Amino acid sequence: MKKKHPCGVNRWEIIRLGADIRIKCVGCGQLVLMPRREFERKMKKVLKKADEIG
C-alpha cells in the first residue's frame, strides 16, 4: 500500500478477492475490508504472487 499501517509494517496479505477486498496486515494481523476500486488506487506494488507462495 502507499501508506504504512499504524503498527509500522507496509506488508499485506490478500485474504479475499471480489467486489470488496479483505487484506491482513502481516505485522499485527488486523483485517481490513475495502472496495476493489479503493484498493487498486492505494496499492503500490505486488511483492509475492500466489503461485510463488508455498
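Above: the structure in question.
Procedures and definitions
- Residues numbered from 1 in each chain as written.
- Predicted model: local features only at pLDDT ≥ 70, side-chain atom pairs only at ≥ 80, totals over all residues.
- Heavy atoms only, no water.
- Helix = DSSP H or I, 4+ residues; strand = E, 2+ residues; numbered from the N terminus.
- Rg over C-alpha atoms; globule rule 2.2 N^0.38 Å.
- Buried < 20%, exposed > 50% of the residue type's maximum accessible area, 1.4 Å probe, protein only.
- Areas by Shrake-Rupley, 256 points an atom, 1.4 Å probe, with all protein chains shown as cover.
- Polar contact = N/O pair within 3.5 Å; in protein donor to acceptor, adjacent residues only side chain to side chain.
- Contact = heavy atoms within 4.5 Å.
- Pairing = 2+ DSSP bridges.
- Axes fitted to C-alpha atoms, helices over the stretch in contact; angles between N-to-C directions.
- Core = buried A, V, L, I, M, F, W, Y, C linked by side-chain atoms within 4.5 Å.
- Patch = residues over 30% accessible without salt bridge, like charges linked within 9 Å, V, L, I, M, F, W, Y side chains within 5 Å.
- Salt bridge = Lys/Arg side-chain N within 4 Å of Asp/Glu carboxyl O.
- Lys, Arg positive; Asp, Glu negative; His and termini not counted.
- Charge placed at Lys NZ, Arg CZ, Asp CG, Glu CD.

Some points on the overall build of the protein chain
Across its full length, the protein chain holds one helix and three strands. For the protein chain, the succession of helices and strands along the chain, N to C, is β-β-β-α. Its C-alpha radius of gyration of 11 Å places the protein chain within 12% of the 10 Å reference for a compact globule of 54 residues. Reported as C-alpha extents along the three principal axes, the dimensions of the protein chain are approximately 25 × 25 × 20 Å. Within the protein chain, buried positions represent 13% of all 54 residues. Of the roughly 4,500 Å² of accessible surface on the protein chain, a fraction of 51% belongs to carbon and sulfur atoms.

Here we look at the side chain of His 5
On the secondary structure map, His 5 appears in the segment before β1 (12-16). Within the structure, His 5 has its side chain in polar contact with the side chain of Gln 30 (distance 2.9 Å). Apart from residues lying up to four places away in sequence, His 5 is in contact with Trp 12, Cys 25, Cys 28 and Gln 30.

Considerations on the sheet that holds strand β2 (residues 20-25)
One open sheet holds the three strands; their spatial order is β1-β2-β3, and the pairing between them is antiparallel. Of all strands in the sheet, those with a lone pairing partner are β1 and β3 (31-35), marking the two edges. Across the sheet, the mean angle separating the axes of adjacent strands is 35 degrees when strand polarity is ignored. Pairing of β2 with β3 involves five bridges; the strand directions are antiparallel. The residue bridging Ile 21 from the neighbouring strand is Met 34, located in β3.

As for the nonpolar core
Ranked by size, the top nonpolar core spans five residues in total: Met 1, Ile 21, Ile 23, Met 34 and Phe 39. Not counting chain neighbours up to four residues away, the residues in contact with Phe 39 comprise Met 1, Ile 14, Ile 21, Ile 23 and Met 34.

Quick word on a positive patch on the surface
Where like charges cluster on the molecular surface, the positive patch consists of Lys 2, Arg 41, Lys 44 and Lys 45. Tracing the sequence through the fold places Lys 45 in the segment after α1 (36-42). The exposure class assigned to Lys 45 is exposed, which follows from its relative accessible area of 61%.

Keep in mind that these numbers describe shape and distance, not what the molecule does.
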